[in-house]
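Per-entry structural report
Each chain, written out:
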Amino acid sequence: MLPPDLRSAEAEALAAIQSALAAGAKGLWSVELRFEGLRLLPLALRLQAGLSSGAPSLRLLCADAGATALAQRDAPDFATRIASLRDQMRLQQADGGSEGVLLLVAPSPADYEEVEQVCALHRGVVLLLNGNLEDAAIGIGSVARERRKGFLSGWQSAYALIPTGDGALRRACPGMWELYRCDADGYRFVCNFDQKPDMEQRALAMAGEAGLGLGANLKVMDAFIEGLRN
């Protein structure tokens with residue numbers, strides 16, 4: 001079942017992250033809620049608060065100093081555990097690395113080098129919230145491109161809720177990837193996947209499924225996304 005609203009999705013994500021953390025003291029895990037208009041920083045701060053009991057040393061890392069200052073202002077109780085990627089790099093260089101749990105908030109392709117370095121010097125778990133580290137590779141040599149591809153392939157999905165053109169994808173650790181079809185009266189489960197399906201795999205799974213028209217589907221999708229924003 002897909003969550004009906006954002007808070008339900010957050011509760012699912014929190015439980016899935018806790019399951020991922022229980023799997024081991026080290027690892028690279030992604031968390032994805034891919035909705036336009038989603039206010040990501042409040043979500044990240046709520047996840048930090050929800051995980052603090054089981055991971056009291058968790059540090060939330062923002063991409064730059066401006067976002068870091070905003071997060072510290074909005075969560076004064078956690079301000080000492082909120083930093084930027086560069087802050088974390090300086091700390092690692094001084095201490096020879098870092099431990100515990102890191103929560104990285106929405107780094108972009110421009111932040112790739114810093115994210116890679118932080119992960120290389122971290123001996124604990126890294127959670128990547130709505131990361132966008134892939135790049136069109138314009139101006140990037142083949143060696144750097146392959147290195148980036150290898151780094152990104154090492155991430156596992158702790159939680160994902162991703163709208164698609166005709167439905168949605170969901171994954172909650174330790175479960176499988178689930179594909180849903182958008183019908184006029186709601187979402188219908190289609191099938192499971194061991195790994196995240198690409199567009200072709202999703203299209204094949206949808207083939208032969210009864211559709212109820214693009215207009216009806218778009219109305220359901222709009223209502224679903226609006227519920228997740230609120």
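From a predicted model like this one, the values you see are computed outputs, not experimental measurements.

Reading the values: the criteria
- Residues numbered from 1 in each chain as written.
- Predicted model: local features only at pLDDT ≥ 70, side-chain atom pairs only at ≥ 80, totals over all residues.
- Heavy atoms only, no water.
- Helix = DSSP H or I, 4+ residues; strand = E, 2+ residues; numbered from the N terminus.
- Buried < 20%, exposed > 50% of the residue type's maximum accessible area, 1.4 Å probe, protein only.
- Lys, Arg positive; Asp, Glu negative; His and termini not counted.
- Salt bridge = Lys/Arg side-chain N within 4 Å of Asp/Glu carboxyl O.
- Polar contact = N/O pair within 3.5 Å; in protein donor to acceptor, adjacent residues only side chain to side chain.
- Contact = heavy atoms within 4.5 Å.
- 1 Å grid on protein atoms, 1.4 Å probe; cavity = no way out; pocket = protein on both sides within 12 Å on 5 of 7 lines; lining within 4 Å.
- Points joined across faces, edges and corners; volume = space filled by probe spheres on them.
- Nonpolar A, V, L, I, M, F, W, Y, C, P; charged D, E, K, R; others polar.
- Core = buried A, V, L, I, M, F, W, Y, C linked by side-chain atoms within 4.5 Å.

A look at the environment of A79
Turning to its location among the elements, A79 is positioned in the loop between α3 (65-74) and β3 (82-84). When the C-alpha positions of A79 and T68 are compared, they lie 9.1 Å apart, and in sequence the two are eleven residues distant.

A short note on the side chain of R202
In this fold, R202 is placed in helix α7 (residues 199-206). One buried charged residue, R202, remains without a salt bridge, the closest side chain of opposite sign being D166 at 5.5 Å. Within polar-contact distance, the side chain of R202 engages the backbone oxygen of P197 at 3.5 Å. Leaving out residues up to four positions away in the same chain, R202 has contacts with T164, L169, L179 and P197.

Quick notes on the layout of surface pockets
Space inside the largest pocket adds up to approximately 690 Å³. Lining the largest pocket we find 22 residues, and of these S30, E32, L152, W155 and K196 sit closest to its centre. Elements that contribute at least two residues to the lining of the largest pocket include exactly β1 (27-33), α6 (142-153) and β6 (156-164). For the lining of the largest pocket, a count of residues per class yields eight nonpolar, eight polar and six charged.

Section: unusual backbone geometry
The omega angle of the peptide bond from C173 to P174 is 10°, so this bond is cis rather than trans. With respect to the secondary-structure elements, P174 resides in the loop between β7 (167-172) and β8 (177-183). In this model, A106 sits at a positive phi of 50°, which is unusual for a non-glycine residue. Mapping A106 onto the fold places it in the loop between β4 (101-105) and α5 (112-120). A106 sits in the partly exposed class, given a relative accessible area of 32%.

Observations concerning the nonpolar core
L33, L60, L127 and Y159 are the most contacted members of the largest nonpolar core, which totals 42 residues. For this core, the element with the most residues is helix α2 (residues 40-51), which contributes seven residues. Once residues within four sequence positions are removed from consideration, L60 is found in contact with A44, L45, Q48, R81, I82, A83, L103 and V105. By size, the runner-up hydrophobic cluster in this structure holds 15 residues, among which are L102, V115, C119 and W155.

Comments concerning the environment of C173
On the secondary structure map, C173 appears in the loop between β7 and β8. Considering only alpha carbons, one finds C173 and S19, 154 residues apart in sequence, at a separation of 6.3 Å. Every residue in contact with C173, bar those within four places of it in the chain, is listed here: A16, S19, A20, W29, S157 and A158.

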